[in-house]
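Now for the letters of each chain:
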Amino acid sequence: WRDYGGAEAVLRAVAPGENLPKDAFWTDTRAVDAQRSYIDALLTRTNTVNGRSYANDPAVFAWELANEARCDDPTLCRQDTLITWARTLALQLRASGARQLVAWGGIGYQGEHGEDLNALAADGAVDVLTVHMYPLAYAPPTGNEAMDTIRYLTGAAVGVSRVRDAARLARTFGAAI
């Protein structure tokens, strides 16, 4: 996300002046290597409160790979781009000594915006499938109280459906949700 630096900041750092598109974050070797180096530095860092490395810190439940990853550039994003990236970073987390779970932080798309939750689950690189949801986004407000009640019920139904779908995937592939 732009307000936290995000992909664009990484690309500016590894390829100054090249003006790479945001989605090069997932595939540019320099960007991926920078992310792997960051993981190694973070996991080997010592927590100043308890003296443990973050890789061994029980206060960390899981390492979420991305927040709502999207890969939409048709020249850079293939069907497996995010899966390959997730596998690469999950392997780096484990190589850097992480004892915690590895989580995917996606929306839960099935083939939209480069995300395929089913393929991510089948790949097995992540332990936890997270699904970020905004149920009310699926039923825009009307300004009418009765209609807005329907909006809330529709949003809740969409949310329940998405959680059930993700839980089914988790059971199928042995992941947590």
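Let me begin by describing the structure that accompanies this report.

1. Let's talk about the overall build of the chain
- What the chain contains, in helices and strands, is five helices and five strands.
- Start at the N end of the chain and walk to the C end: the helices and strands fall as α-α-β-α-β-β-β-α-β-α.
- In terms of its C-alpha atoms, the chain occupies a principal-axis envelope of roughly 55 × 40 × 35 Å.
- Each of the 177 residues in the chain was classed as buried or not, and the buried ones make up 39%.
- Residue pairs at least 24 apart in sequence account for 62% of intrachain contacts in the chain once pairs closer than 6 positions are excluded.

2. Examining the environment of Ala103
- Note that Ala103 resides in strand S2 (residues 101–106).
- The class of Ala103 is buried, set by a relative accessible area of 4%.
- C-alpha of Ala103 to C-alpha of Arg78: the two residues are 25 residues apart in sequence and 21 Å apart in space.

3. Structural notes on the sheet that holds S2
- Spatially, the three strands line up as an open sheet ordered S1-S2-S5, and their pairing is parallel. Looking at strand neighbours, the two that pair on one side only are strand S1 (62–64) and strand S5 (128–131), the edges of this open sheet. This sheet shows a mean twist of 30° between the axes of neighbouring strands, independent of strand direction.
- Of the strand pairs in this sheet, S2 and S5 are connected by four bridges, and their pairing is parallel. Looking at S5, one finds that Trp104 is bridged to Leu129.

Quick notes on the rules
- Here the residue index of a chain counts from 1 through its sequence in written order.
- Totals for whole chains, interfaces and linings use all residues, but because this is a predicted model, local features are given only for residues with pLDDT of at least 70 and pairs of side-chain atoms are given and counted only at 80 or more.
- Hydrogens are left out, water is left out, and the side-chain values use all remaining heavy atoms of the structure.
- Per the convention used, a helix needs a DSSP run of H or I reaching at least four residues, while a strand needs a run of E reaching at least two, with both numbered from the N terminus.
- Here's how the labels work: a residue is buried when its accessible area is under 20% of the maximum for its type, exposed when over 50%, partly exposed in between, all with a 1.4 Å probe on protein chains only.
- Whether two residues are in contact is decided by their heavy atoms: any pair within 4.5 Å suffices.
- A pair of strands is labelled paired if DSSP reports no fewer than 2 bridges between them.
- What counts as an axis is a line fitted to C-alpha atoms, over the stretch in contact for a helix, and the angles between N-to-C directions run from 0 to 180 degrees.

Keep in mind these numbers describe shape, not what the thing actually does.
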